[in-house]
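Summary of the model geometry
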Amino acid sequence: MSLTFHWFLPTNGDSRHVVGGGHGSPATASGRDRPPTVAYLSQIARAAEEVGFAGALTPTGAWCEDAWLTTAMVSRHTERLKFLVAFRPGLISPTLAAQMASTFQRQTGGRLLLNVVTGGENQEQRAFGDFLDKDSRYRRTGEFLHVIRELWQGGTVGLHGEHLRVQDAKLARVPDPVPEVYFGGSSPIAGEIAARHADVYLTWGEPPAQVAEKLDRIRSLAAAEGRTLRFGIRLHVVTRDTAEQAWAEADRLLDGFDPETVASVQAGLARSESEGQRRMLALHGGRRDSLEIHPNLWAGIGLVRGGAGTALVGSHDEVAERIKEYHALGIDEFILSGYPHLEEAYWFGEGVLPRLAAQGLWRHPANKDTAPTAPTEPGVLAPFAS
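In this report, the structure presented in the accompanying data block is examined. This one's a predicted model, so the numbers in the text were calculated from it and none came from an experiment.

Let's talk about the overall build of the chain
For the chain, the helix and strand inventory stands at 13 helices and 13 strands. Taking 2.2 N^0.38 as the reference for a compact globule, 386 residues should give roughly 21 Å; the C-alpha atoms of the chain span a radius of gyration of 20 Å, in line with that estimate. In terms of its C-alpha atoms, the chain occupies a principal-axis envelope of roughly 60 × 50 × 40 Å. As presented, the chain carries roughly 15700 Å² of accessible surface, and 50% of it is formed by carbon and sulfur atoms. Each charge class in the chain was averaged separately, 39 positive and 46 negative side chains, and the resulting centres sit 4 Å apart.

Written as structure tokens, this is what we have:
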């Protein structure tokens, strides 16, 4: 299977320094260097599209702009790029979410992917009016995904569940194609829900041995449900012409971490209820030394950022080799990012992707037999189709 690469839209702001935020921690001051305007995010999206990324992830939470609204606006400035929209099932009804997804598909020519985020932090969930505990949120997510999948198939749905209740729910128009569901989570109950409902299971960038263990567990759970999942990984990247240049850039990013900010972010993340966040914190232990936890895998980002906290650092050849190492475990999709996101999209797209293409592991999405196209409007240039 050809590898698929997605980029990231920094809707909490961008910078030449690492922008913190996520999992209950606010965006750091560097997020104001390049505000997340539609104009700037569209620049990033067009760059990602040009160099060969298939899609772009947008995060969700109180610390960033709304993913649905932002991607809907940015989509009008792109032609092929898909949008992996992160959203939280407990904050809107499943029928409304199914309708929104169906509308997004029609208006963009089928360019929606859905990243289901159950929510790992009680404090943030309560700010949105959600007072369920973590395990209950996952059980509600299972009910939610059951409803929207039935609606997308054109059925009339009734459910009187533990957490959700709908009666005679039906969509006037179903999405075509049906959006794929991406789902992450390291806790036992997260694995159970992913096995039943996800198309793609996502993990953060842990060392390969830990990733292999997690994937084996999810495969077994999915097999018990009679299902087969694809797998993806979320990482940052610092890739340059030489390893020396790449590590110099990683050192520059590390030098920009204010000790007080690191201490504050780590104290906040230590209170996280997320099993995945706990695993991220264990990779660096809040220390600045010994951050290369596997060849070319650097845990420095996690000192100031919640969520994905590791980066592939090295020459283009080295980064390509690490991607192949993860691919050998069963990872087919890579969701990447780098600071700043505009420039780093080109570093990766012009440095690493051609090397993978030369080995037959990747090809530019525009060169595939078919590519989704967005509807045209008067005065709007028609997108290409190949």
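Some points on helix α9 (residues 259–269)
What sets the pattern is the α-helix's 3.6 residues per turn: residues three or four places apart point alike. Within α9, burial applies to Val262, Val265, Gln266 and Leu269. Each buried residue of α9 lies within a common arc of 100° when the element is viewed along its axis, so the set occupies one face. In α9, those exposed residues whose orientation departs by more than 90 degrees from the buried face are Glu260 and Ser264. In this structure, the buried side of α9 is in contact with α10 (275–284). Measuring from the backbone nitrogen of Glu260 back to the side-chain oxygen at the start of α9 gives 3.0 Å, which picks out Asp258 as the cap.

Concerning the pattern of salt bridges
Across all of its chains, the model carries 19 salt bridges by this definition. Between Glu333 and Arg230 there is a salt bridge; the shortest N-O distance is 2.6 Å. On the criterion of sequence distance, the pair formed by Glu333 in strand β13 (residues 331–337) and Arg230 in strand β9 (residues 230–240) is long-range, its members being 103 residues apart. Exposure remark for Glu333: the relative accessible area of 4% places this residue in the buried category. Take Arg230: its relative accessible area is 22%, and that puts it in the partly exposed class. Residue Glu275 is joined to Arg278 by a salt bridge in which the shortest nitrogen-to-oxygen separation is 2.4 Å.

Section: the side chain of Asn12
Topologically, Asn12 is positioned in the loop between β1 (4–8) and α1 (38–51). In terms of polar contacts, Asn12 uses its side chain to reach the backbone carbonyl oxygen of Gly20, at 3.5 Å.

Let's talk about empty space enclosed by the protein
Under the counting rule described, the total for this entry stands at four cavities of 30 Å³ or more. In this structure, the largest cavity occupies an estimated 740 Å³ of space. Lining the largest cavity are 41 residues, with His23, Asn115, Val117, Trp204 and Gly307 sitting closest to its centre. For the lining of the largest cavity, the secondary-structure elements that each account for two or more residues are β2 (55–58), β4 (112–116), α5 (134–152), β8 (200–204) and α10. When residues in the lining of the largest cavity are grouped by element, the largest group, four residues, is from β8. Here the lining of the largest cavity is composed, by residue class, of 14 nonpolar, 18 polar and nine charged.

Structural notes on helix α11 (residues 316–329)
Between the first and last C-alpha of α11 there are 21 Å, a value that for 14 residues agrees with the 20 Å anticipated at 1.5 Å per step. Residues of α11 that are buried include every one of His316, Val319, Ala320, Arg322, Ile323 and Tyr326, and no others. Angularly, the buried residues of α11 cover 160° about the axis, an arc narrow enough to put them on a single face. Directly after α11, the chain includes Gly330, whose backbone phi takes a positive value near 120°.

Here we look at the pairing of strand β12 (residues 311–315)
For β12, the buried fraction is high: five of the five residues fall into the buried class. Direction of pairing for β9 relative to β12: parallel, over a ladder of five bridges. The residue bridging Val237 from the neighbouring strand is Leu312, located in β12. Summarising the sheet, strand β11 (residues 297–298) and β12 pair through two bridges and their orientation is antiparallel. Paired with Leu297 across the bridge in β12 is Leu312.

Details of the environment of Leu269
Structurally, Leu269 is set in helix α9. Here Leu269 falls in the buried class, since its relative accessible area comes to 1%. Here the alpha-carbon distance between Leu269 and Val116, two residues 153 residues apart in the chain, equals 21 Å. Setting aside residues up to four positions removed in sequence, Leu269 forms contacts with Gly22, His23, Ser25, Gln277, Leu281, Gly302, Arg305 and Gly306.

Examining the packing of aromatic side chains
Considering all chains together, one arrives at nine aromatic pairs under this definition. For the pair Phe53 and Phe348, a centre-to-centre distance of 5.8 Å together with 25° between the ring planes defines the contact as stacked. One end of the pair, Phe53, is in the loop between α1 and β2; the other, Phe348, is in helix α12 (residues 341–351), with 295 residues separating them in the sequence. The burial state of Phe53 is the same as that of Phe348; both residues are buried.

Conventions and cut-offs
- Residues numbered from 1 in each chain as written.
- Predicted model: local features only at pLDDT ≥ 70, side-chain atom pairs only at ≥ 80, totals over all residues.
- Heavy atoms only, no water.
- Helix = DSSP H or I, 4+ residues; strand = E, 2+ residues; numbered from the N terminus.
- Rg over C-alpha atoms; globule rule 2.2 N^0.38 Å.
- Areas by Shrake-Rupley, 256 points an atom, 1.4 Å probe, with all protein chains shown as cover.
- Lys, Arg positive; Asp, Glu negative; His and termini not counted.
- Charge placed at Lys NZ, Arg CZ, Asp CG, Glu CD.
- Buried < 20%, exposed > 50% of the residue type's maximum accessible area, 1.4 Å probe, protein only.
- Arc of directions from axis to C-beta.
- Contact = heavy atoms within 4.5 Å.
- Polar contact = N/O pair within 3.5 Å; in protein donor to acceptor, adjacent residues only side chain to side chain.
- Salt bridge = Lys/Arg side-chain N within 4 Å of Asp/Glu carboxyl O.
- 1 Å grid on protein atoms, 1.4 Å probe; cavity = no way out; pocket = protein on both sides within 12 Å on 5 of 7 lines; lining within 4 Å.
- Points joined across faces, edges and corners; volume = space filled by probe spheres on them.
- Nonpolar A, V, L, I, M, F, W, Y, C, P; charged D, E, K, R; others polar.
- Expected span 1.5 Å × (residues − 1).
- Pairing = 2+ DSSP bridges.
- Phe/Tyr/Trp six-rings, centres within 6.5 Å; stacked < 30°, edge-to-face > 60°.

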